[in-house]
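Structure at a glance
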Amino acid sequence: MTRDNAKRPVVRIGMLRLSDAAPIVAAKEYGFFAQRGLDVRISVEPSWANIADKLSYRQLDAAVTLPPLVFAVTLGLRGVGIPLIVPMQLSLNGLAVGVGKGVADELGMEGTPLEIGRRLADLLPPRRPRLRFAIAHAFSTHNLYLRHYLAAAGIDPDRDVELMVVPPADTVRAMQDGEIDGYCLGPPWADVATRIGVGRTIAPSSEIWRNHPEKCLAVRRDWAEANPAVLDDLLVAALRGARFCDDAANADGIAAILARDDYLAVERDTIRASLPGGGPGHSVFFAGAANFPWVSHAAWFLNRMARWGYLGQDVDRAALAAGVYRPDLFRAAAAKIGLSVPVVDAKIEGAHDAPWTLAGDRGGIPMDADLFCDGQPFDPTE
């Protein structure tokens, strides 16, 4: 489908050097955006702070980003704020909690991630200085998932360890230089740390919350309201990119593109391990309603942000979740390519220990397990 784009705005999308930006890169490189008449310019940024600032100052129209950061920017919790919306999720899973080789040798790698975490808790009381764990940003999934894991293992993330912000692409160097003892990292950087021998994964994020939401597509609300048809085409093309990336048969080609210097500038085989058909806990880009912007996911992030003191108790979290996450926009785009989408906007999270079927408007949607490591489900209505 080719459209006259003479009067359509250029769409500026930001991303970091992370392989779970693959659906947007694929939509650009394989022509899915162009087929919808879109001129998309991808800007590779050095940090989440850059992403947030460029959205706030309208230097980007959209970004591959982190749900907690979307809420922080919308509320003005860091720097200049601007309202954002999330019309689409881009990936599930993909992060990893790891420690340096010396700590890993002390812990031993036998047992489940939670058992290893409990052994880590036993190591901490006499240890001074505290172990330092790198996270991508204070308002990141990395921070919230790491905190959830540590707390489930009996570790107070504010008292027993030190969490420090390190841009993902700089974390491996920080490990090599002894600046940090562990990390929660996105793909492909945890694999890089493992391959060069400076880190060992103790908990894939898929073992903290199975099939958890990871990167999302955030769009400035003012831009979305001014360009509804462009946004609709953007979502259709991004959905095609997500479906393409979720097919393991396409992973070699996608890894080769992502490995280029203008994207990740990382060895292709390392990137390949984080894509479908790769290693444990790899990113999921399409299966299991991966792209649906669940309001219950938004509610969980806001609940955890409040739990750890990043969000005031006076914030109407239910209204904020429903205002930022926009399944209505997703449904309109998905209908154009005949996808079955959930008939509800929210669900109980962490309630399934085995594959199950979700009701969809064009038939049942196969879903995978979604348990939390502590076994406690989250009901967004409570």
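Structure: above.
Residues numbered from 1 in each chain as written. Predicted model: local features only at pLDDT ≥ 70, side-chain atom pairs only at ≥ 80, totals over all residues. Heavy atoms only, no water.

Now for the overall build of the protein chain. From N to C terminus, the protein chain includes 17 helices and twelve strands. Against the 2.2 N^0.38 benchmark of 21 Å for 382 residues, the protein chain shows a C-alpha radius of gyration of 20 Å, consistent with a compact globule. Every one of the 382 residues in the protein chain was classed for burial, and the buried ones make up 56%. Counted over contacts in the protein chain with a minimum sequence separation of 6, partners at least 24 positions apart contribute 74%. Carbon and sulfur atoms provide 49% of the accessible area of the protein chain, an area that totals close to 14400 Å². Charge-centre separation for the protein chain: the mean point of 40 positive side chains lies 4 Å from the mean point of 46 negative side chains. (Helix = DSSP H or I, 4+ residues; strand = E, 2+ residues; numbered from the N terminus. Rg over C-alpha atoms; globule rule 2.2 N^0.38 Å. Buried < 20%, exposed > 50% of the residue type's maximum accessible area, 1.4 Å probe, protein only. Contact = heavy atoms within 4.5 Å. Areas by Shrake-Rupley, 256 points an atom, 1.4 Å probe, with all protein chains shown as cover. Lys, Arg positive; Asp, Glu negative; His and termini not counted. Charge placed at Lys NZ, Arg CZ, Asp CG, Glu CD.)

Within this structure, the stated rule accounts for 14 aromatic pairs. An aromatic cluster of three or more residues is present, and its members are Tyr145, Trp209, Trp300, Phe301 and Phe372. Just above the ring of Trp308 sits the side chain of Arg307; from NZ or CZ to the centre is 3.9 Å. Positioned above the aromatic ring of Trp294, the side-chain terminus of Lys347 is 4.0 Å from the ring centre. (Phe/Tyr/Trp six-rings, centres within 6.5 Å; stacked < 30°, edge-to-face > 60°. Lys NZ or Arg CZ within 6 Å of the ring centre and 35° of its normal.)

For the rest of this paragraph, the subject is the side chain of Glu45. By the secondary structure assignment, Glu45 is in the loop between strand S2 (40-44) and helix H3 (48-56). Note on Glu45: relative accessible area 6%, which makes it buried. A polar contact is formed between the side chain of Glu45 and the side chain of Lys54, at a distance of 3.0 Å. Filtering out sequence-adjacent residues up to four positions away, Glu45 remains in contact with Met15, Leu16, Arg17, Asn50, Ile51 and Lys54. (Polar contact = N/O pair within 3.5 Å; in protein donor to acceptor, adjacent residues only side chain to side chain.)

Here Leu146 lies in helix H7 (residues 141-152). Residue classification places Leu146 among the buried residues on the basis of a relative accessible area of 0%. Residues Leu146 and Ala62, spaced 84 residues apart in sequence, show a C-alpha to C-alpha distance of 26 Å. Not counting residues within four places of it along the chain, the set of residues in contact with Leu146 comprises Val97, Phe133, Ile135, Leu163 and Cys184.

Taken in spatial order, the five strands make up an open sheet running S7-S6-S8-S5-S9, and their pairing is mixed. A strand with exactly one partner marks an edge of an open sheet, and here the two such strands are strand S7 (162-165) and strand S9 (199-204). The sheet shows a mean angle of 25 degrees between the axes of neighbouring strands, taken without regard to direction. With five bridges connecting them, strand S5 (residues 96-100) and S9 associate as antiparallel partners. (Pairing = 2+ DSSP bridges. Axes fitted to C-alpha atoms, helices over the stretch in contact; angles between N-to-C directions.)

What follows concerns the side chain of Lys215. Mapped onto the elements of the fold, Lys215 is located in the loop between helix H10 (205-208) and strand S10 (216-220). Here Lys215 falls in the buried class, since its relative accessible area comes to 0%. A polar atom in the side chain of Lys215 sits 2.8 Å from the side chain of Glu214. Aside from chain neighbours lying at most four places away, what touches Lys215 is Leu18, Asp20, Trp48, Val64, Thr65, Leu66, Gln89, Leu90, Ser91, Leu95 and His142.

Turning our eyes to something else, we now look at helix H13 (residues 251-258). Burial in H13 covers these residues: Ala251, Ile254, Ala255, Ile257 and Leu258. For H13, the buried positions fall inside an angular range of 160 degrees around the axis, keeping them on one side. Buried residues in H13 make contact with helix H1 (22-29), helix H12 (228-245) and helix H14 (268-272). (Arc of directions from axis to C-beta.)

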